[in-house]
Amino acid sequence: MFSNQNYQEAYVIYEDLLQNDESHSPSMLLKMAFIAEGIGDYSKASFYLAKYYDENPNPRVITKIKALTEQSTLIGYELDDKDRFLKFLSDLQMEITGLFSFLLIVSLILLIVYKKSADRPKYYIPTIFLIVFVFAANNFLSGPKTGIVTGSPTIIMDKPTGAGKLLDIVDPGHRVVIKSSKDIWYEVNWENKKAFVKKESITRL
């Protein structure tokens with residue numbers, strides 16, 4: 001449909017895949033951004049591009065989002081070496097967890113087979129370490145929860161209350177790392193500071 005320029009029909013199917021099946025590909029996100037921009041829905045186009053950026057960091061994506069949101073600077077898209085390394089690990093989470101799980105099974109089998117010989121605590125140390133590694137890989141290698149500012153304007157506070165200190169007032173397009181959720185607020189990382197934004201102003205990526 002997309003190749004035949006039946007964009008509206010393709011867009012409906014793409015949205016169904018993304019929202020109901022929670023399935024997408026990088027190519028699909030770019031096509032959705034293209035269609036959304038074509039119909040003038042720059043907010044959704046920015047959302048799809050930001051979601052694409054989460055999985056495929058590319059400076060050209062930031063340039064496009066800046067053009068759509070008419071902002072010269074956007075916060076939250078900077079990636080340092082640590083961020084890139086963590087993303088590399090999170091992309092391989094299933095493979096790493098699978099490898100450690102396989103080694104753990106092998107270790108347990110060896111302990112059972114050589115039970116009589118493995119009569120000292122030191123023989124159980126590798127198995128204990130593998131259990132820890134499997135747990136860590138399965139629970140701590142997932143990427144950070146992120147969102148894009150879609151409220152216009154969006155108020156950023158230092159506390160989850162209207163009585164807190166105002167840190168900033170921003171327009172849509174900025175990307176934030178969501179730390180936690182509290183009532184109607186998201187705790188986010190804003191310019192290396194703890195801050196709070198109302199959930200209605202953030203769209204999860």
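Because the structure is a prediction, the values reported are computed rather than measured. (Residues numbered from 1 in each chain as written. Predicted model: local features only at pLDDT ≥ 70, side-chain atom pairs only at ≥ 80, totals over all residues. Heavy atoms only, no water.)

1. Side note on the pattern of salt bridges
Here the structure, examined in full by the defined rule, presents three salt bridges. In this structure, Lys64 and Glu37 form a salt bridge, with 3.0 Å as the shortest nitrogen-oxygen distance. Placement of Lys64 in helix α4 (residues 59–69) and of Glu37 in helix α2 (residues 26–38) is noted, with a sequence separation of 27 residues between them. Given the relative accessible area of 34%, Lys64 is considered partly exposed. Given the relative accessible area of 27%, Glu37 is considered partly exposed. (Salt bridge = Lys/Arg side-chain N within 4 Å of Asp/Glu carboxyl O. Helix = DSSP H or I, 4+ residues; strand = E, 2+ residues; numbered from the N terminus. Buried < 20%, exposed > 50% of the residue type's maximum accessible area, 1.4 Å probe, protein only.)

2. A short note on the side chain of Gln93
Position of Gln93 among the secondary structure elements: in helix α6 (residues 93–113). Looking at Gln93, its side chain comes within polar contact range of the main-chain oxygen of Ala137, at 3.1 Å. Those residues in contact with Gln93, other than ones at most four positions away along the chain, are Ala137, Asn138, Asn139, Leu141 and Ser142. (Polar contact = N/O pair within 3.5 Å; in protein donor to acceptor, adjacent residues only side chain to side chain. Contact = heavy atoms within 4.5 Å.)

3. Concerning the confidence of the model for the protein chain
With 100% of its residues at a pLDDT of at least 70, the protein chain reaches an overall mean of 87. Per-element confidence in the protein chain ranges from a low mean pLDDT of 74 for helix α5 (residues 81–91) to a high of 93 for strand β2 (residues 154–157). (pLDDT = per-residue confidence, 0-100.)

4. A few points about the side chain of Glu15
With respect to the helices, strands and loops of the structure, Glu15 is situated in helix α1 (residues 7–19). Dropping the residues within four chain positions of it, Glu15 is found in contact with Asn20, Met32, Lys44 and Tyr48.

5. Some details on the packing of aromatic side chains
Overall, the coordinates contain eight aromatic pairs when judged by the stated rule. Residues Tyr7 and Phe34 carry aromatic rings whose centres are separated by 5.6 Å and whose planes lie at 75° to one another, so their mutual orientation is edge-to-face. Here Tyr7 is found in helix α1, whereas its partner Phe34 is found in helix α2, with 27 residues between them in sequence. Classification of Tyr7 by relative accessible area gives partly exposed; the value is 27%. (Phe/Tyr/Trp six-rings, centres within 6.5 Å; stacked < 30°, edge-to-face > 60°.)

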